[in-house]
Amino acid sequence: MAGSMTSPLLQVRGLTVQFRTDRGFVNAVDSVSLNVDAGETLAVVGESGSGKSVTALSLLRLVPSPQGRIVAGEVIFDGQDLLTLDDRQMRAVRGNRIAMIFQEPMSSLNPTLTMGLQVAEPFSIHDGTPWAAALGKAKTLLDRVRIPDSGARLAAYPHQFSGGMRQRVMIAMALACRPRMIIADEPTTALDVTVQAQILDLLKELTQETRSALILITHDLGVVARYADRVCVMYAGRIVETGTARDIYERASHPYTRALMASIPRLDRDTATRLEPIEGYPPSLAQLPPGCAFHPRCRFAADPCGRRVPMLEKIGERHHRACFVDAAV
Amino acid sequence: MQAYIIRRLLALVPTLLFTSVIVFITVRLIPGDVIDLMLTENDIGATRQSRVQIEAALGFDKPMHVQYFRWIGAVLLDGDLGRSLWQTTPVTELVMERLAVTFELGLMALLIALIVALPLGAYSAMRQDTIGDYVGRSFAILMLAIPGFWKATMIMVFPSIWWGWAPEVEFTPFRDDPLRHLGQMLIPAAILGTAMSAVTMRMTRTMMLEVLRQDYIRTAWAKGLGEKLVVMRHALRNALIPVVTVIGLQAPLLIGGTVIMEQIFVIPGMGLLLLEAVSQRDYPIITGVFLVVGVAVLLINLLVDLSYGLLDPKVRYA
């Protein structure tokens, strides 16, 4: 892991993304700041609607427009603010220096194009590789993601592949130009449990091989424990706690993170103890409560929680949290 | 694939036989009798005897079903559609001669429709709710709302008043002067084509909007593709599948449209042949034209079905 002296590979500062809804604009992502070091795996955890996927899409400026737009912030990647690039410069980043893997392998591949063309495409656009050579490289990539009989598979179409195989193809596509960073948005949510671990192991192994950083968007804390170096926990568009995987697992400090931990079933716990669900529902972004967005559901809510928005504060070497309540509770 | 096409072609036979019965009967239901017409035209005294003679000569003295089986027998065995009642020219010859012209007019109209509709529909979808989109959609509605015969009439009338120019009424065959011939065909083809482009453009726009929201289009953007490649390589082909259906459905309307255009612009195609034949009650020509049009419509449907296989890899014909 890169030391704190060198500047991180990715530095996000105050990223705010708005979406237009029937009730006006809402902040899907609100003043999010995070760092990713070269070769590091960062997990972004949260419930659906917490803004983790929108954060991921904003990094590549792929937020669906015109309903969504990035209104503030900086996304500094390798010393360059991606939000100030023109379209052509941005295209040279996408799929080349930063690649993305999506949640739905069933619908994320083009049904009318061959797998070979889709995997070879990044070579053709970014490196200007002729198609014949690009297809040869695509075959090598399919071998690397362990697709059997890769030569014949180049001519196949997505509907002839299973979900797990399609996600392998997505990974192959993302790895094509040896990106410095890969963003994986819930890469295993749509897959069978038995396939999930295979895909994540493969992803981890290959990103280590290419020394790519990995941002893993997930709602699965089990995934986080096994694969992440550091973790960001998001709630209602904001980061509420961030730290190393160890910080989050052993010293979770924000009441939301703790509640999240208490709600996962664990095999090493007494079966008699009941799981503790988090009371209430995540708030609608259009009607966020004043102050800390979590306070109506928080067991420890105190005086300032409903009035002021807590900022991230340092509580350990790499451990930050946004909460007014005493950490010792 | 080959077996599939052969099966489909064989399946055309019963449909066409059924069509032939309907055509054969309805033609004879047109009010007015060909023999009366002949007698008046040739100024023969309408005696009972001359009438019986003509009926016998034309074979109309036999019962209807006998007439039908004679006719369909000749069609099936020799490809012979009979002879014109007035000119005694073989109908097959007449129809084949005219078919090329109508086919050309229809094909030009179709090409114009596609050249207008596909880029306009795609553009409208990519620039949804901008001025360009509104202009494109308004154009489509306008083309759909104005009937072809009105457009044709305006083109015949106004340029001649304003500039002393009117479309030529003397038809130049392709082999005599290709450029002049194409120039003549262009106006009626454009009128038919723009009308057809309206529905196709709307369909293309709707489907492109749908496709551009798909996950795989997001994947294409995330790979770093430019707009041109995203649209041309990743979106258009997926959007075209339903558009082809619409084009296939419009083909019979297009054939109907050529009849009107051929009449207005005096183009000697099947439409004009049909109109003349109807006014003269020349039954074999009418049935012949209808039968050929029927075959054409069924073949177009077959082509549409086959083109799904080209566009959508999930469709495989066996």
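About the cut-offs
- Residues numbered from 1 in each chain as written.
- Chains lettered and ligands numbered in written order.
- Predicted model: local features only at pLDDT ≥ 70, side-chain atom pairs only at ≥ 80, totals over all residues.
- Helix = DSSP H or I, 4+ residues; strand = E, 2+ residues; numbered from the N terminus.
- Buried ≥ 20, exposed ≤ 12 C-beta atoms within 10 Å, placed from the backbone.
- Contact = placed C-beta atoms within 7 Å.
- Pairing = 2+ DSSP bridges.
- UniProt positions renumbered as here; feature names shortened; annotations may be inferred.
- Axes fitted to C-alpha atoms, helices over the stretch in contact; angles between N-to-C directions.
- Nonpolar A, V, L, I, M, F, W, Y, C, P; charged D, E, K, R; others polar.
- Left-handed = near helix turned anticlockwise from the far one by under 90°.
- Domains from an automatic or database assignment.
- Parallel < 35°, antiparallel > 145°, perpendicular 65-115°, else oblique.

## Some thoughts on the overall build of chain B
Stage number 1. Looking only at helices and strands, chain B has 12 helices and 0 strands in total.
Stage number 2. Going residue by residue from the N terminus, the α and β elements of chain B occur as α-α-α-α-α-α-α-α-α-α-α-α.
Stage number 3. Its C-alpha atoms give chain B principal-axis dimensions of roughly 85 × 60 × 35 Å.
Stage number 4. In chain B, buried positions account for 31% of the 318 residues.
Stage number 5. Restricting to contacts in chain B with at least 6 residues of sequence separation, those with at least 24 account for 71%.

## Brief notes about the overall build of chain A
Stage number 1. Scanning chain A from terminus to terminus reveals 10 helices and 12 strands.
Stage number 2. Considering only C-alpha atoms, chain A reaches an extent of 65 × 50 × 45 Å along its principal axes.
Stage number 3. A fraction of 63% describes how many contacts in chain A between residues 6 or more apart in sequence connect residues 24 or more apart.

## Examining the pairing of strand β10 (residues 238-244) of chain A
Residues and elements named next belong to chain A.
Stage number 1. With 6 of 7 residues buried, β10 is to be regarded as a mostly interior element.
Stage number 2. Relative to β10, strand β9 (residues 230-235) is paired through 6 bridges, and the arrangement is antiparallel. By the bridge assignment, Val231 is partnered in β10 with Gly243.
Stage number 3. Two successive antiparallel strands, β9 and β10, enclose a turn made up of 2 residues, where Ala236 displays a positive phi of approximately 50°.
Stage number 4. Bridging between β10 and strand β12 (residues 320-321) involves 2 bridges; their strand directions are antiparallel. Along β12, the bridge assignment pairs Thr242 with His320.

## Points about the UniProt feature "domain: ABC transmembrane type-1" (unreviewed entry) in chain B
Stage number 1. Residues annotated in UniProt with the feature "domain: ABC transmembrane type-1" (unreviewed entry) correspond here to residues 99-304 of chain B.
Stage number 2. Along residues 99-304 of chain B the backbone is 83% helical and 0% strand, and the end-to-end C-alpha distance reaches 21 Å.

## What about the UniProt feature "transmembrane region" (unreviewed entry) in chain B?
Residues and elements named next belong to chain B.
Stage number 1. UniProt tags residues 9-30, 105-126, 138-165, 185-204, 239-265 and 285-304 as "transmembrane region" (unreviewed entry).
Stage number 2. The span residues 105-126 carries 100% helix and 0% strand; its end-to-end C-alpha distance comes to 32 Å.
Stage number 3. Along residues 138-165, the helical share is 82% and the strand share 0%, with 29 Å between the first and last C-alpha atoms.

## Structural notes on the sheet that holds strand β5 (residues 80-81) of chain A
Residues and elements named next belong to chain A.
Stage number 1. The 4 strands lie next to each other as β2-β1-β4-β5, forming an open sheet whose pairing is antiparallel. Two strands close off the open sheet at either side, each with one partner strand: β2 (24-36) and β5.
Stage number 2. Examined bridge by bridge, strand β1 (residues 10-21) and strand β4 (residues 68-77) share 8 bridges and lie antiparallel to one another. The residue of β4 that forms the bridge with Gln18 is Arg69.
Stage number 3. Sitting on the sheet, helix α1 (residues 52-59) touches β1, β2 and β4, and the angle it makes with β2 is about 70°.

## Concerning the interface of chain B and chain A
Stage number 1. In this assembly, 18 residues from chain B lie in contact with 22 residues from chain A.
Stage number 2. Of all the elements in the fold, those that place two or more residues in the side of chain B that touches chain A are α9 (215-222) and α10 (227-264) of chain B.
Stage number 3. Taken together, the residues of the side of chain B that touches chain A sort by class into 6 nonpolar, 6 polar and 6 charged.

## Some words on the packing of helix α11 (residues 270-279) of chain B against helix α12 (residues 283-311) of chain B
Residues and elements named next belong to chain B.
Stage number 1. Where α11 meets α12, the axes come as close as 8 Å, and the angle between the chain directions of the two elements is 145°. Judged by the sense of rotation from one axis to the other, the crossing of α11 with α12 is left-handed. Facing Met270, Leu273, Leu274, Ala277 and Val278 of α11, the residues of α12 in contact are Ile285, Ile286 and Val289.
Stage number 2. Here the residues of the contact of α11 with α12 sort into 8 nonpolar, no polar and no charged.

## A look at the domain arrangement of chain B
Residues and elements named next belong to chain B.
Stage number 1. What the domain assignment lists for chain B is domain 1 (32-80) and domain 2 (91-311).
Stage number 2. Contact residues are listed per partner, giving 6 residues for domain 1 and 4 residues for domain 2.
Stage number 3. For the side of domain 1 that touches domain 2, the residue count by class is 2 nonpolar, 2 polar and 2 charged.

## Remarks on unusual backbone geometry
Residues other than glycine predominantly adopt negative phi, and peptide bonds predominantly adopt the trans conformation.
Stage number 1. At Asp78 of chain A, a position not held by glycine, the phi torsion is positive, near 55°.
Stage number 2. In this structure, Asp78 of chain A sits in the loop between β4 and β5.
Stage number 3. If you check the backbone angles, Arg281 of chain B has positive phi at about 55° while not being a glycine.
Stage number 4. Within the fold, Arg281 of chain B resides in the loop between α11 and α12.

## Some remarks on the packing of helix α8 (residues 178-212) of chain B against α10 of chain B
All names here are of chain B.
Stage number 1. Interaxial distance between α8 and α10 falls to 9 Å at its minimum, and their mutual angle equals 160°. Here α10 runs roughly antiparallel to α8, going by the angle between their axes. Seen along the crossing, α8 lies across α10 with a hand that is right-handed. For the pair α8 and α10, contact is made by Pro188, Ile191, Leu192, Met196, Val199, Thr200, Met203, Thr204, Met207, Met208, Val211 and Leu212 and by Ala235, Asn238, Ala239, Pro242, Val243, Val246, Ile247, Gln250, Leu254, Gly257, Thr258 and Met261, respectively.
Stage number 2. Residues belonging to the contact of α8 with α10 are distributed by class as follows: 18 nonpolar, 6 polar and no charged.

## Topic: the environment of Ala293 of chain A
Residues and elements named next belong to chain A.
Stage number 1. With respect to the secondary-structure elements, Ala293 resides in the loop between α10 (255-262) and β11 (313-314).
Stage number 2. For Ala293, a count of 24 C-beta atoms within 10 Å puts it in the buried group.
Stage number 3. When the C-alpha atoms of Ala293 and Gly306 are compared, they prove to be 8.3 Å apart, with 13 residues separating the residues in sequence.
Stage number 4. Residues in contact with Ala293, not counting those within four places in the same chain, are Tyr235, Ala236, Arg238, Pro283 and Leu288.

## Notes on the sheet that holds β11 of chain A
Residues and elements named next belong to chain A.
Stage number 1. If you walk across this open sheet you meet the 8 strands as β6-β7-β8-β3-β9-β10-β12-β11, and the pairing is mixed. Across the chains shown, the open sheet's two edge strands, defined by having one partner strand only, are β6 (98-101) and β11.
Stage number 2. Where strand β3 (residues 41-45) and β9 come together, 4 bridges link them in parallel fashion. Bridge pairing in β9 links Ala43 to Val231.

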